[in-house]
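Residues per chain, in single letters:
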Amino acid sequence: MGYRVAVVGATGNVGREMFNILEEVKFPVDKMHAIASRKSIGVEVSFGNEILRCEDLEQFDFSKVDIVLMSAGGSISKAWGEKIGAAGPIVIDNSSHFRMDPDVPLVVPEVNPDAVNSIPKNIIANPNCSTAQLVVALKPLHDEAKIKRVVVSTYQSVSGAGKEGMDELWDQTKGIYVLGAPPPKKFTKQIAFNVIPHIDVFMDDGFTKEEWKMTAETQKILDPNIQLVATCVRVPVMVGHSEAVNVEFESPLDEDEAREILRDAEGIVVVDKREDGGYITPKEAQGEFPVYVSRIRKDPTVENGLAFWCVADNLRKGAALNAVQIAQLLHDKGLIKSKTPA
């Protein structure tokens, strides 16, 4: 028995990737709907061998579907998320709007799968892409030695800013070799051949909202007692987020133990050879499902400290894949009530 599924934001990068992954993992779909804004009505998207025409968000009857994957931005989630949930389907929302709502579970299936056991609003939030890969790597280490503090610096690809961000990097890179780089529009400064220590808006304390998200979401998903400070940086990479992570533990944990723990953990691949090229970069992670961990080593500046390098395809693990994994988790737990006749 399959499910009736709707993807809201079907024409965006993440929406299209959701279709790809649902097909790739053979999620049991009986009927698929592509939902978008009025200006995209009739736009064609593909789901496996099927061509879908986008339907209007404002006119669609959500009571006839079982599960909705939303990736259309915070304003759409704010306006429609609770309405859709009230109509009956379980909503898996990829925006930041519901993440800190106490009645909405914030879920990474490898980390806190039991959080889906209670869904008061019929809504489950997907975390920020940089948070998702981080907590997958932190969870097995936290279970072993209890994390006190994390310092993380991110190197986030332009795909995290959507198609506009990817187009800007492409256009600026080409322009530099011809007539000069066009001025920035999506980003605050030139992104080609540059790095920008600024993602999302600045807050009163000097941190950006992206940095705040990493702290607040890690605490909600993993442990409210973990202290975390982040510096989030946009880099001229098309797809794939990287993170340099320093962790302080309550108990001793040496690098060899950590390496074995991570090798045995769900959703993680360790590539850690102390030689040229013995680590993973965003290029190798692109198109892949796992979170990759490399360069595991002792941090000698604290009593119980480790440092490591963490990489993942943000369009997959950080966004589309995590949403599909939540859907699969709901299926495995029998929490989706199918409207398809048996």
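Please read all numbers here as calculations on a predicted model, not as lab measurements. Residue numbering note: each chain is counted from 1, following its sequence as written. Where totals are concerned, whole chains, interfaces and linings use all residues; where local detail is concerned, this predicted model gives features only for residues with pLDDT of at least 70, and gives and counts side-chain atom pairs only at 80 or more. The basis for every side-chain value is the complete set of non-hydrogen atoms in the structure, without hydrogens or water.

## Details of the UniProt feature "domain: Semialdehyde dehydrogenase NAD-binding" (unreviewed entry) in the chain
UniProt positions are given in the numbering used here, feature names are shortened, and annotations may be inferred rather than shown by experiment. Under the UniProt annotation, the feature "domain: Semialdehyde dehydrogenase NAD-binding" (unreviewed entry) is placed at residues 4–119. Each helix corresponds to a stretch of at least 4 residues labelled H or I by DSSP, and each strand to a stretch of at least 2 residues labelled E; elements are numbered beginning at the N terminus. Counted over residues 4–119, helix gives 22% and strand 27%. Its end C-alpha atoms are 19 Å apart.

## Points about the domain arrangement of the chain
In this document the domain limits rely on a domain assignment from an automatic tool or a database. One can read the domain layout of the chain as domain 1 (3–126 + 320–333) and domain 2 (131–157 + 195–312). With centres defined by C-alpha atoms, the gap from domain 1 to domain 2 works out at 27 Å. Buried surface area refers to the total accessible area, computed with a probe of radius 1.4 Å, that the two partners give up upon joining, counted for both partners together. Carbon and sulfur atoms make up 72% of the area that domain 1 and domain 2 hide from each other, which totals about 1300 Å². On the domain 1 side of the contact with domain 2, M100, E110 and V111 bury the most area, a combined 43% of that side's loss. We define a salt bridge as a contact between a side-chain nitrogen of Lys or Arg and a carboxyl oxygen of Asp or Glu at a distance within 4 Å. Taken together, the links from domain 1 to domain 2 amount to 1 salt bridge. The partner of E217 in a salt bridge is R99, with the nearest N and O atoms 3.2 Å apart. Whenever two N or O atoms come within 3.5 Å, that pair is a polar contact, provided that in protein one can donate a hydrogen and the other can accept it, and provided that, for residues adjacent in sequence, both atoms are side-chain atoms. The tally of links between domain 1 and domain 2 comes to 4 residue pairs in polar contact (both at pLDDT 80 or more). Note on residue classes: Ala, Val, Leu, Ile, Met, Phe, Trp, Tyr, Cys and Pro are nonpolar, Asp, Glu, Lys and Arg are charged, and everything else, Gly too, is polar. Grouping the constituent residues of the side of domain 1 that touches domain 2 by class yields 9 nonpolar, 2 polar and 4 charged.

## Considering the pattern of salt bridges
Taken as a whole, this structure holds 21 salt bridges when the rule is applied. Between K26 and E23 there is a salt bridge, with the nearest N and O atoms lying 2.9 Å from each other. By sharing partners, the salt bridges in this structure join E17, E24 and R316 into a single network.

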